[in-house]
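# Per-entry structural report
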Amino acid sequence: MIREDAGGELFHGEPALEMGGRRVILLGASNVVRGLSTIVETAELVWGQPVDVLAACGHGRSYGRTSCVFGRSLPSILECGLWDELSRRRPLPTAALITDVGNDILYGAGTGQIVAWVAECLTRLRGVCDQLVVTELPLARVASVTPQQYRWIRMLLFPGSRVTFDEAIARAHELNAHVAELASRHRAVLRVPRLDWYGWDPIHIRRACWSDAWYEILSAWSDRAAPQRARGSWRRWLQLRRQRPLVRRMFGFEQRRAQPVCALRSGSAISLF
């Protein structure tokens, strides 16, 4: 077992899941993986600690199809191992987040197909969750995206995409309307991303806004106000970014990692799928 000093946050080895008194399920893509350290800290402040975290996330993650970004392939959120693992673990009070639902537009999936994937996730979560939050697409920021910016984003993150700028914008508005309807139908709290959370990059929340943004999003999990915002930890952020999910493929070679992958000093266990 490797331990960090008092300034660190993580233990490595076999986390004791019995320490977790509550559970957090995180479904998303790059915003979740980028801000995971802040999200977990915010979850502990809002939902209570320690927490048993099950996260299906990753750059370019799709809700319904295998995704490949820079040589790394991940199964879809619907087909990943999170759901089987969830069924094996003991019941706990559970809060969940569904976010980053716009990626599949760039993969060329139709609005109806994306809605069906998200609806299936909501159906599965509704049976086990006490609190459920869904975020809309960042339409306020998307409104100012130029065709040139769109082409750069598509070329960098979705090089195989042939979805045009006009098609992407139209589908984003159509999908967002359905996301709002799904949240209402499944009694989930709907959060609308603020324009000032974003900078030049129209799809990723700015690092400077992580604490406030994730608090605003996740505060719906509890009726009580948290005593403070997440303070952040570079050491914890780096350690969590280095962890590997249950299964992935790197340049065609499959890699597996037992879960939970690590535990925080607070007792919270982290599992990635």
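See the structure shown above.
Procedures and definitions
Residues numbered from 1 in each chain as written. Predicted model: local features only at pLDDT ≥ 70, side-chain atom pairs only at ≥ 80, totals over all residues. Heavy atoms only, no water. Pairing = 2+ DSSP bridges. Helix = DSSP H or I, 4+ residues; strand = E, 2+ residues; numbered from the N terminus. Buried < 20%, exposed > 50% of the residue type's maximum accessible area, 1.4 Å probe, protein only. Arc of directions from axis to C-beta. Lys, Arg positive; Asp, Glu negative; His and termini not counted. Salt bridge = Lys/Arg side-chain N within 4 Å of Asp/Glu carboxyl O. Polar contact = N/O pair within 3.5 Å; in protein donor to acceptor, adjacent residues only side chain to side chain. Contact = heavy atoms within 4.5 Å. Axes fitted to C-alpha atoms, helices over the stretch in contact; angles between N-to-C directions. Parallel < 35°, antiparallel > 145°, perpendicular 65-115°, else oblique. Left-handed = near helix turned anticlockwise from the far one by under 90°. Nonpolar A, V, L, I, M, F, W, Y, C, P; charged D, E, K, R; others polar. Core = buried A, V, L, I, M, F, W, Y, C linked by side-chain atoms within 4.5 Å.

As judged from the four bridges shared by strand 9 (residues 247-250) and strand 10 (residues 253-256), these two strands associate in the antiparallel manner. Across the sheet, arginine 249 pairs through a bridge with glutamate 254, a residue of strand 10. Linking strand 9 back to strand 10 in an antiparallel pair, the connection comprises two residues, with phenylalanine 251 at a positive phi of about 50°.

What follows concerns helix 10 (residues 234-241). Residues of helix 10 that are buried include every one of Arg236, Trp237, Gln239 and Leu240, and no others. When helix 10 is viewed along its axis, its buried side chains cluster within an angular range of 165° and face the same direction.

The residue arginine 248 is located in strand 9 in this model. Among buried Asp, Glu, Lys and Arg side chains, arginine 248 stands out as unpaired, with glutamate 254 the closest opposite charge at 11 Å. Within the structure, the side chain of arginine 248 is placed 2.7 Å from the side chain of glutamine 255, a separation counted as a polar contact. Ignoring any residue separated from it by four or fewer positions in sequence, one finds arginine 248 in contact with Arg72, Ser73, Leu74, Phe253, Glu254 and Gln255.

Further remarks concern the environment of arginine 229. Within the fold, arginine 229 resides in the loop between helix 9 (210-218) and helix 10. According to the relative accessible area criterion, arginine 229 is partly exposed, its value standing at 38%. Contact partners of arginine 229, with chain neighbours within four places excluded, come to Leu45, Ser211, Asp212 and Tyr215.

A few words now on the packing of helix 5 (residues 111-126) against helix 8 (residues 165-185). The geometry of helix 5 relative to helix 8 is characterised by a closest axis approach of 10 Å and an angle of 25° between their N-to-C directions. The orientation of helix 5 relative to helix 8 falls into the category roughly parallel. The crossing of helix 5 and helix 8 is right-handed. Packed against helix 5, whose contacting residues are Thr111, Ile114, Val115, Val118, Ala119 and Leu122, the element helix 8 presents Arg171, Glu174, Leu175, His178 and Leu182 at the interface. Among the residues forming the contact of helix 5 with helix 8, the class breakdown is seven nonpolar, two polar and two charged.

Counting residues in hydrophobic clusters, the biggest one holds 42 residues, and the most contacted among them are Leu27, Leu82, Ile98 and Leu125. Sorting the residues of this core by element identifies strand 2 (22-27), strand 3 (51-56), helix 3 (82-88), strand 6 (94-98), helix 4 (103-106), helix 5, strand 7 (131-135) and helix 8 as the ones contributing at least two each. Of the residues forming this core, the biggest block, eight residues, is contributed by helix 5. In this structure, Ala43, Val133, Tyr215 and Leu218 belong to the second largest nonpolar core, which totals 38 residues.

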